[in-house]
Amino acid sequence: MSEVNSVMSPLAAFRLAEEQACAGYLKARKSMIRLAAQVASISQLVKERPNRADYRVALGQLMGRHFDAEQRTRLAYDRWQRAQVRADAFWTASNKAGTPALMAA
């Protein structure tokens, strides 16, 4: 039985991790923006009909979900920035050492 070994340069691995972190950030941000629009919509309904308790309950739940989405977005952004710093630091270190920075993956 043959064994399959995948060979990837460390720089390519760091860049892949950076791209995955960026994708996670974009997904979290889209969710946050969608929830912000829903909060604005329900807020308008609450202003128009302040006596509707179900609108106020829905607004409270959405505001909680929006707050959670903001936290997830902030964490995802921080994760993406750390991945960028790691990839850039590796690239800089490999150039200073005189080794080729861009190897074929």
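Report follows, based on the coordinates. (Residues numbered from 1 in each chain as written. Predicted model: local features only at pLDDT ≥ 70, side-chain atom pairs only at ≥ 80, totals over all residues. Heavy atoms only, no water.)

1. As for the overall build of the chain
Part 1: Along the backbone of the chain there are two helices and zero strands.
Part 2: Relative to its 105 residues, the chain shows a buried fraction of 23%.
Part 3: The contacts in the chain between residues at least 6 apart in sequence include a share of 72% that link residues at least 24 apart.
Part 4: Total accessible area on the chain stands at roughly 7800 Å², and carbon and sulfur atoms take up 59% of it. (Helix = DSSP H or I, 4+ residues; strand = E, 2+ residues; numbered from the N terminus. Buried < 20%, exposed > 50% of the residue type's maximum accessible area, 1.4 Å probe, protein only. Contact = heavy atoms within 4.5 Å. Areas by Shrake-Rupley, 256 points an atom, 1.4 Å probe, with all protein chains shown as cover.)

2. Details of helix α1 (residues 10-48)
Part 1: An ideal rise of 1.5 Å per residue puts 57 Å on 39 residues; α1 measures up with 57 Å between its terminal C-alpha atoms.
Part 2: Of all the positions in α1, only Leu 11, Glu 18, Ala 21, Tyr 25, Ala 28, Ser 31, Met 32, Leu 35, Val 39, Ile 42 and Val 46 are classed as buried.
Part 3: Summarising the contacts, the buried residues of α1 are in contact with α2 (53-96). (Expected span 1.5 Å × (residues − 1).)

3. A word on α2
Part 1: Compared with the 64 Å implied by 1.5 Å per residue over 44 residues, the 65 Å span of α2 between its first and last C-alpha is a close match.
Part 2: Of all the positions in α2, only Tyr 55, Leu 59, Leu 62, His 66, Ala 69, Thr 73, Ala 76, Trp 80, Ala 83, Ala 87 and Ser 94 are classed as buried.
Part 3: In this structure, the buried side of α2 is in contact with α1.

4. Considering the environment of Thr 92
Part 1: Within the fold, Thr 92 resides in helix α2.
Part 2: In this structure the side chain of Thr 92 is engaged in a polar contact, spanning 2.9 Å, whose partner is the backbone oxygen of Asp 88. (Polar contact = N/O pair within 3.5 Å; in protein donor to acceptor, adjacent residues only side chain to side chain.)

5. Focus: the nonpolar core
Part 1: Among the nonpolar cores identified, the biggest contains nine residues, and these are Met 32, Leu 35, Val 39, Ile 42, Val 46, Tyr 55, Leu 59, Leu 62 and Ala 69.
Part 2: Listed by contribution, the elements that provide at least two residues to this core are α1 and α2.
Part 3: Top element by residues in this core is α1. It accounts for five residues.
Part 4: Other than its neighbours up to four places away in sequence, Ile 42 contacts Tyr 55, Ala 58, Leu 59 and Leu 62.
Part 5: Residues Ala 21, Ala 76, Trp 80 and Ala 83 belong to the second largest nonpolar core, which totals six residues. (Core = buried A, V, L, I, M, F, W, Y, C linked by side-chain atoms within 4.5 Å.)

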